[in-house]
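# Fold and geometry: a report
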Amino acid sequence: MTKKKKIIATASLAGCFGCHMSFLDIDERILNLIELVEFNKSPINDIKKFTKHCDIGIIEGGCCNDENVHVLKEFRKNCDILISLGECAIMGGLPAMRNGIPLKECLEEAYINGPTVKDVNPQKIIPFDPDIPKILNKVYPCHEIVKIDYFLPGCPPRADLIWNALYALVTGNELLIPYEVFKYD
Amino acid sequence: MGNTINAVIKKYNGDETRLMDILLDIQTELGYISDWTIEQISKALDIPAVEIIQTLSFYHFFHREPKGKYTIYLNDSVVSNFNGKDEVKKAFEEEAGIKFGQVTPDGLIGLFETSCIGMSDQEPAALINEQPFPSLTPEKAKKIIRMMKDGKSIEDIKGNKYGEGNNSHYLMRSLVNNNIQERGPVIFSDYTPGEAIKKIVKELSSTDIIEEIKKSYLRGRGGAGFPTGLKWEIARKAQGDIKYIFCNADEGEPGTFKDRVILTELPKLVFEGMVIAGYAVGAKYGILYLRNEYRYMRDYLEHVLQEMRDDGLLGKFIGGKKGFDFDIRIQCGAGAYVCGEESALIESAEGKRGEPRDRPPFPVESGYLNKPTVVNNVETFCTAVKIILYGSEWYNRMGTKESRGTKVLSVSGDCERPGIYEVEWGFSVNDILRKAGAKTHEILAVQVGGPSGSCISEKEFGRVLAYEDLATGGSLIIIGKKRNLIKDVVLNFQHFFMEESCGSCVPCRVLTVVYKKIIEKIVRGEGKSSDIENLQKWSVYMKNNRCGLGQTATNPTITAIKNFKYLFDESVKNNSESFNTSFNEDEAVKEYIEIFNKK
Ligand SMILES: Cc1cc2nc3c(=O)[nH]c(=O)nc-3n(C[C@H](O)[C@H](O)[C@H](O)COP(=O)(O)O)c2cc1C
Ligand code: SF4
Ligand code: SF4
Ligand code: FES
C-alpha cells in the first residue's frame, strides 16, 4: 500500500446530490476508504476551499450556471484526475431537458407561470442580481468545459461501481466491473 | 390528381416492388408526394402507408412538401466549392430573395444543396428540375432566376448550347460536356454495336465466355475489384429458375463521373455487355440502375434500348438464336449514395429503402427478388465486350500483373484539363498530374478513389495506381496548395458521409457525426491534440460496420492525418489540453443577461 494517502475532492454542480448519496452507500467500506485517502474540498466534510493540490476530483452534475463553470475549472486546476460521476455530469442528465426550450420560457415557467408559483409571485419577479449565479444558455456536460479523465455512468452509479473505481485508482489495481455492478435495469 | 396516381400505378401493374418508379413518376407529375397521395397509393397497392413513407423518407430527391415549380439543387461537392460555389449560391439567393433550404412564398423557386452530382469536371453545377446546369457563374445564376420569374420553361432556360457528342441528341439536349481527354485501347476504341453478340451466337457457349473472361483476369471496376469471371460463374451455377443482371450506374463517389460519359457516348457497349453476361449466366432480365442525378439521360437511353430491340440485339431470339432472350429495363434511383452498394442497390430496385443487406447470402446466390443476381459496374460490362471480341490474350498484353487492361479515370480539381482519361493500368499519380496539366509544385494533395479512398501527399505521387499498390475506383481530385485541406476537403467529405450513412449500424451512424463535429471544431481553431489522437484511434470501430460506406467513412480524416499531420498539429498547437476552448463563458451567459436588459 502506498505510504502517502491520496487526496480526494468532490463537488455537486447541477445535480441532485443523488450521486453523493450513492457514494455514501459504500457503507462500512467508508472506513477502509479513509485508511486509503484523505478528503479535501467536499460537501462530505464541508471543506469549502481547496487547501492543497488533490489527486482525484469527483464531479456530480453538469454545468447550468456560471458558478458551476468556475467550480469545475477550479477542480481541473487543483486535481490531477477528474471523474464525471453520474448521468448529469456525463451528459447533462435531467437538468439538460431544458436544453430544447428557450431560456426565457424556462424562467417564466419556473418563476411566473408554473402552477406552484403563479399565485405567489404577483409582481412577476424573476430573480436577477450580481450576487446570484448567471444561468447558462443550456446545461453543459462537464467534458464540454474541461478535460475529464474518467466517466462513471449511472443515475446514480451504484455504490459498488464508485467503490471499485476509487479502490482501483488509489491502489493501482485492476478495475473490477462485474455485470451486477454495471447493469442498468 | 387521383387519375394521375391511378394511371401511374396501372402502368406498373400495381406491383409494389416498383414503388420507386411509382413514386418518381407521380412526383414528376404532381411535384411532390403529399399525405393524401400516400394514402391513395397505399389503398391502390394495398400496402400500409408507413411502408410508402419508409421508402419515401430514405431518398433525398423525394419530397413530401412542394419544393418549388423550379427546384434547384446546387452541388456541394469539394470541386464545386473549389470553383466558386459560394458566389453562385449567393447569386441564387440574392436574385430569388430566399436562403438555401427555402422555397419562395409564391411557390415558384426552391433552393437546395445536394451531394456530388457527377459533374466534377465542370463545376459548380446544379440540377434544376432534373436537368444539369454545369459550369455556373454568379451571372448565369442570376439570369436563370430571372428567366424563372418570367415564367420561361426549363428548355428555354437551358438555351441551345448543348454539350458535345450525344449530349446534343434530341432526346437529351443537355448542357453537359464529355471532356474525354484521352481515349484508350479498350473502352474508347472503335466499336460496332452487335459484333460481340454475333460472335457469341456463332461460336461461343456460356462456359466459353466465362472461361475467356476468367483468363483475362478482369476485375470489377466499381471499386471492390472482384474477379468478374468468377462472379459470373458462381451466378451461372447458382440454383434458380430466374436470374438477373444488374448494371450499377449509381456512380455516387464524389469526384467520379466516368460512367456518365460512358453511358452518354457508348450506351450500346454497356447494354451489349449486359446481354453477354445474361448469355453467360443464363439470365433473361437486366436492370440498369441509374442514379437520379443522371435521369436526364433516361429518355435517350430508352430510345437506345428500343433501337437495339429493333436491331435484334435485345428482346427475343437475339442474334437470331432461338432461346437467346434478354431484355433490359431502367431503374432510376432517387438520391442516396449508399445505393451504389450492390445489396442496397437491389433493395432499392425492389422499391424499398436502400439499406445494405447482411451477407451472406451474396447477391450472386440470392439477390433481386431473392434470385441469383450479378451486379457489375458500367465499365466492367464494356470491358467484357471487348475481351469477347479481341480475346483475353490481347487484353492481357496491357496493364500490370494484378491489373490487366485499362482504367477510365475521372480527373478533377486544380488542373488545366479535368475530364476522362482511359489509360493502361500501371500509371503513376505523377503521370496523371502531368497529363491533366497540373503543376506539381502547386499541388498539395491528391484524393485518390474519392472520399472512401485516400488523400496522398507529394511523397506518394510516384506511387502506381493498380491493385498491387494504390487501388482505385478511378477518381483523382487534385488539390492545390491554395486550398485549406482540412476545411475544404476533409470536412466536406466527413459531412458527406454523415449525410449518406443509412443509419443501420451504430458505429457508422454515430461516428460519422462525431468525426464531422471534431473536424469542425479543429477548423474553428478549437481542437486539441487529444482530438487528433481520438480521430486516429476510433476509426478501428468502423471496421465492424455492415457495408463499405461505414468501413471507409473515416478514411478522409485518417489518411489526411497520416499524410498531413503537420497541418493538424499546427491548428491545435495553441490550445490547452485541460480546458475546452470551444466553451466560451461570455457567450453562454449572454442570453440570460439579454433577457433582463430588455426589460
Ligand atoms: C457505399 C458504396 C457505394 C458504391 N457505389 C458504387 C457505384 O456507384 N458504382 C459501382 O459500380 N459500384 C459501387 N459500389 C461497389 C458495388 O457494391 C459492387 O461491388 C460493384 O457494383 C460490383 O461491380 P464490379 O464487380 O463490376 O465492380 C459501391 C460500394 C459501396 C460500399
Ligand atoms: S446522475 Fe442522477 S443521481 Fe446523479 S446527480 Fe444526476 S440526477 Fe442525481
Ligand atoms: S455501414 Fe453505414 S451505410 Fe453501411 S449499412 Fe451500416 S449504417 Fe448503413
Ligand atoms: S441509454 Fe438512454 S435510457 Fe439507457
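Note that this is a predicted model, so its numbers are computed, not measured.

The rules behind the values
- Residues numbered from 1 in each chain as written.
- Chains lettered and ligands numbered in written order.
- Predicted model: local features only at pLDDT ≥ 70, side-chain atom pairs only at ≥ 80, totals over all residues.
- Heavy atoms only, no water.
- Helix = DSSP H or I, 4+ residues; strand = E, 2+ residues; numbered from the N terminus.
- Rg over C-alpha atoms; globule rule 2.2 N^0.38 Å.
- Buried < 20%, exposed > 50% of the residue type's maximum accessible area, 1.4 Å probe, protein only.
- Contact = heavy atoms within 4.5 Å.
- Areas by Shrake-Rupley, 256 points an atom, 1.4 Å probe, with all protein chains shown as cover.
- Near = heavy atom within 4 Å.
- Nonpolar A, V, L, I, M, F, W, Y, C, P; charged D, E, K, R; others polar.
- Pairing = 2+ DSSP bridges.
- Axes fitted to C-alpha atoms, helices over the stretch in contact; angles between N-to-C directions.
- Phe/Tyr/Trp six-rings, centres within 6.5 Å; stacked < 30°, edge-to-face > 60°.
- Lys NZ or Arg CZ within 6 Å of the ring centre and 35° of its normal.
- Parallel < 35°, antiparallel > 145°, perpendicular 65-115°, else oblique.
- Polar contact = N/O pair within 3.5 Å; in protein donor to acceptor, adjacent residues only side chain to side chain.
- Domains from an automatic or database assignment.
- Buried area = accessible area lost by both parts, 1.4 Å probe.
- Salt bridge = Lys/Arg side-chain N within 4 Å of Asp/Glu carboxyl O.

## Things to note about the overall build of chain B
Per the secondary structure count, chain B includes 25 helices and 14 strands. The C-alpha radius of gyration computed for chain B amounts to 25 Å, which stays within 12% of the reference 25 Å derived for 599 residues, consistent with globular compactness. Projecting the C-alpha coordinates of chain B onto the three principal axes gives extents of approximately 85 × 60 × 45 Å. In chain B, which comprises 599 residues, the proportion classed as buried is 60%. Of the contacts formed within chain B by residues at least 6 apart in sequence, a portion of 71% connects residues at least 24 apart. Roughly 23,800 Å² of accessible area belongs to chain B as shown, and the carbon and sulfur atoms make up 48% of that amount.

## What about the site of ligand 3?
Around ligand 3, the structure places 13 residues, and the nearest of them are C502, S504, C505, C508 and C547 of chain B. Of the residues assigned to the shell around ligand 3, the class counts are seven nonpolar, five polar and one charged.

## Brief notes about the sheet that holds strand β4 (residues 131-133) of chain B
Residues and elements named next belong to chain B. The strand order across the open sheet built from four strands is β2-β1-β3-β4, with neighbouring strands paired in mixed fashion. Each of the sheet's edge strands pairs with one partner strand only, and the pair in question is β2 (109-114) and β4. Pairwise comparison of adjacent strand axes, ignoring direction, gives a mean angle of 25° for this sheet. Here helix α6 (residues 85-96) sits on the sheet in contact with β1 (70-75) and β2, set at roughly 160° to β1. Sheet strands in contact with helix α7 (residues 138-149) are β1, β2, β3 (126-128) and β4, and its direction is about 170° off that of β1.

## With respect to the packing of aromatic side chains
Residue and element names in this part refer to chain B. One pass over the structure, following the stated rule, counts 23 aromatic pairs over all chains. Connected via pairs of aromatic rings, a cluster forms that spans Y244, F246, Y285 and Y368. The ring of F100 has K89 sitting right over it, with the charged end atom 5.5 Å from the ring centre. Of note, R483 hangs over the ring of F82, and the distance from its end group to the ring centre comes to 4.1 Å.

## Let's talk about the sheet that holds strand β2 (residues 37-39) of chain A
Residue and element names in this part refer to chain A. Read across the open sheet, the five strands follow the order β2-β1-β3-β5-β7; overall the sheet is parallel. Edge strands, defined here as strands with exactly one partner in the open sheet, are β2 and β7 (150-152). Adjacent strand axes in the sheet meet at a mean angle of 30°, parallel and antiparallel pairs treated alike. The pairing of strand β1 (residues 6-12) with strand β3 (residues 54-60) spans five bridges and is parallel. What sits directly across from A11, in β3, is I59. Packed on one face of the sheet, helix α2 (residues 29-36) meets β1 and β2 and runs near 95° to β2. Across the face of the sheet, helix α3 (residues 66-78) comes into contact with β1, β3 and β5 (79-85) while running at roughly 135° to β5.

## Details of the packing of helix α12 (residues 258-265) of chain B against helix α16 (residues 378-390) of chain B
Residues and elements named next belong to chain B. Between α12 and α16, whose axes approach to 9 Å, the crossing angle comes to 50°. As summarised for this structure, α12 and α16 are arranged oblique, according to the angle between their axes. Only V378, E379 and C382 of α16 make contact with α12, whose side of the interface consists of K258, D259, I262 and L263. For the contact of α12 with α16, the residue count by class is four nonpolar, no polar and three charged.

## Notes on the side chain of R329 of chain B
Residue and element names in this part refer to chain B. With respect to the helices and strands, the residue R329 is situated in strand β8 (residues 327-332). Among the polar contacts made by the side chain of R329, one reaches the side chain of Q331 at a distance of 2.8 Å. Discounting residues that sit within four places of it in the chain, R329 has contacts with R18, D21, G286, I287, L288, A349 and Y368.

## Regarding the domain arrangement of chain B
Residues and elements named next belong to chain B. In terms of domain boundaries, chain B breaks down into domain 1 (2-56), domain 2 (70-161), domain 3 (195-396), domain 4 (406-483) and domain 5 (486-572). Computed from C-alpha atoms alone, the centre-to-centre distance between domain 3 and domain 5 is 34 Å. Each partner contributes to the interface: domain 3 provides 11 residues, whereas domain 5 provides nine residues. Interface area for domain 3 against domain 5, summed over the two sides, is near 850 Å², with a carbon-plus-sulfur share of 67%. Run the count over domain 3 and domain 5 and you get one salt bridge. When the shortest N-O distance is used, the salt bridge between R546 and D358 registers 3.4 Å. Inspection of the domain 3/domain 5 interface yields four residue pairs in polar contact (both at pLDDT 80 or more). For the side of domain 3 that touches domain 5, a count of residues per class yields five nonpolar, one polar and five charged.

## Focus on the site of ligand 2
All names here are of chain A. Neighbouring residues of ligand 2: G15, C16, G18, C19, E60, G86, E87, C88, G154, C155 and P156. At the level of elements, α1 (18-24) and α4 (86-91) are the ones that each hand at least two residues to the shell around ligand 2. Looking at the shell around ligand 2 residue by residue, the classes come out as five nonpolar, four polar and two charged.

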